[in-house]
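Here is what each chain is made of, one letter per residue.
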Amino acid sequence: MIEKTTLKLLGILFLYSFVPFFLSHDNAISFSCYNYTIYQLLLFSIVYSLKGFYKNVFIFSPSFIAVTYINLNFLIGSIVFQKGLVFKSLLIPYRDWNHSNLVMAYFNVANFVIILSFFLVSKISFKSKLKSICDLRKFSSGFIYFTGIFFIVFFSIFDLKLGFLGGDGSFSEVPKTIGAILLIVNIFKNPNVKKRIPLYFLLLFCFSVISWEDKRDAIFLLLPIILLESTKFKLKINFKKIILTTVSVFLIFYLIIVMSITRGYGGYKANDFIEASGYVTDYITSSFFIPAFMNNLEISYTYLHSNNAIEKIIEHPELKTYGETIIKPIFMFIPRSIMKNKPQSIIHHYTYGFSKEYREKGGSWTISIQSEMFWNFSFFGVLIGAFFFYVFNVIYRHVIELININNIINFIPLLYFYEALLILFRGSGIDMFLIFMIISTGIFITLKFCLRLIYDIIKER
């Protein structure tokens with residue numbers, strides 16, 4: 001049952017969502033930063049109205065994360081684009097927009113139904129056969145550690161390729177992440193939080209070293225860690241936590257800046273972390289710092305392309321794909337050489353619609369899940385998005401239940417699902433997200449069958 005205060009706030013959020021419809025394009029551009037600020041403040045008010053652990057459950061829900069991710073990106077993005085503090089090449093399509101009022105209203109309404117979907121989910125528990133295959137709780141902690149480490153090391157050496165089934169490229173990150181989550185859940189079993197935290201950091205460091213090609217894989221592992229830990233501690237705000245959070249954010253931003261310098265931003269040609277640190281002051285006071293930093297945080301691209309995708313469909317409705325990007329996973333294992341008209345991903349459709357030449361060179365741009373729904377169904381995408389987030393929240397609630405009854409170790413793909421949601425919100429496309437879910441579940445079931453065989457052999461002896 002929704003509390004009266006929460007219900008009133010949801011009503012206010014609903015009414016506020018339609019405000020941009022009554023603005024002109026120019027007024028909407030000027031109002032955009034205020035729009036996302038007010039929207040997020042209303043969202044935080046809803047958080048404040050919730051009681052006990054329900055506050056935790058909402059904050060770490062797919063709905064809250066997806067909407068907050070977009071709001072904060074759009075808030076900062078609208079400011080830097082209005083002031084021209086981005087790379088000039090990005091300002092060209094931005095200045096061609098003509099429907100910012102409709103675009104902003106769509107995002108407001110889409111985000112509202114995404115939030116509402118969380119509160120419409122009742123307590124649902126569904127049975128699964130994963131546990132019956134093999135109960136991982138029967139194995140020792142040492143054996144689980146060995147299994148997780150083996151998975152990470154093995155698939156770091158050998159690529160998982162599914163070309164014979166129609167899959168393109170390597171899928172090794174999926175089993176490596178499954179192995180890492182298995183270790184995280186095993187660490188979580190330790191009752192001493194002071195022992196858990198160093199082990200989490202050690203795992204993240206080692207995983208980032210192994211996955212040196214893309215450090216985001218290690219960063220995304222923070223999501224299952226935070227979700228697990230959130231079930232043990234109530235979210236409380238005090239001065240100490242504000243200071244710790246501020247320091248942590250500062251350190252993260254500092255690391256991003258130093259890593260940017262080592263990658264060549266600013267042209268300092270620094271060879272290592274220490275050398276790059278010496279250029280930080282000069283770099284952040286330079287005129288190209290803000291555009292480069294917005295690029296590093298992907299705010300420029302998230303804001304531009306997610307909004308531009310909707311502008312594109314409003315101007316050219318014939319580009320709508322009517323669900324093609326959503327049904328693509330059905331044809332996952334059919335090579336394109338056999339099925340010439342195999343459905344394309346949203347990344348292909350949007351990039352091709354934005355720049356045919358860039359796409360033909362192999363380039364790609366990502367857009368948010370809200371934008372993908374619009375690209376498929378125009379304004380009716382709000383309803384399709386609501387359905388997806390209802391399902392996401394049902395699964396999320398089930399994950400919370402499994403954590404609380406200490407049985408999440410038998411359902412590792414559900415924690416992978418939670419981690420992969422962030423990849424989806426960043427713009428991987430619903431097709432890639434569903435493909436990752438299929439592969440991760442298949443891998444984990446195979447692992448459980450193998451462990452069942454090992455268990456039966458040991459038991460017979």
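For the structure, see preceding data.
Just so we're clear, the structure is a prediction, and the values are computed from it rather than from any experiment.

Engineer: Would you mind going over the nonpolar core with me for this structure?
Structural biologist: As a rule of thumb, nonpolar side chains are buried together in soluble globular proteins. Core analysis: the largest hydrophobic core is formed by 140 residues, its most contacted members being Phe-58 and Phe-392. Ignoring any residue separated from it by four or fewer positions in sequence, one finds Phe-392 in contact with Pro-62, Ile-369, Phe-417, Leu-421, Leu-424, Ile-430 and Phe-433.

Engineer: Sorry if this is basic, but what is going on with the packing of aromatic side chains here?
Structural biologist: For any two aromatic rings, the description comes down to two numbers: the centre-to-centre distance and the angle of the planes. Applying the stated criterion across every chain yields a total of 45 aromatic pairs. Between the aromatic rings of Phe-58 and Phe-64, the centroid separation amounts to 5.4 Å while the plane-to-plane angle is 65 degrees, which identifies the pairing as edge-to-face. Each member of the pair, Phe-58 as well as Phe-64, carries the same accessibility label: buried. Aromatic pair Tyr-106 and Phe-107: ring centres 5.8 Å apart, planes at 70 degrees, arrangement edge-to-face. Each of the two residues, Tyr-106 as well as Phe-107, counts as buried.

Engineer: How should helix H8 (residues 141-157) be read in this particular structure?
Structural biologist: One turn of an α-helix holds 3.6 residues; hence residues three or four places apart share an orientation. Its 17 residues place the ends of H8 25 Å apart at the C-alpha level, agreeing with the 24 Å of an ideal helix rising 1.5 Å per residue. Among the residues of H8, those classed as buried are Ile-144, Thr-147, Gly-148, Phe-151, Ile-152 and Phe-155. Angular distribution of buried residues about the axis of H8 spans 125 degrees; they occupy a single face of the element. In H8, the exposed residues that point more than 90 degrees away from the buried face are Phe-146 and Ile-157.

About the criteria used
- Residues numbered from 1 in each chain as written.
- Predicted model: local features only at pLDDT ≥ 70, side-chain atom pairs only at ≥ 80, totals over all residues.
- Heavy atoms only, no water.
- Core = buried A, V, L, I, M, F, W, Y, C linked by side-chain atoms within 4.5 Å.
- Buried < 20%, exposed > 50% of the residue type's maximum accessible area, 1.4 Å probe, protein only.
- Contact = heavy atoms within 4.5 Å.
- Phe/Tyr/Trp six-rings, centres within 6.5 Å; stacked < 30°, edge-to-face > 60°.
- Helix = DSSP H or I, 4+ residues; strand = E, 2+ residues; numbered from the N terminus.
- Expected span 1.5 Å × (residues − 1).
- Arc of directions from axis to C-beta.

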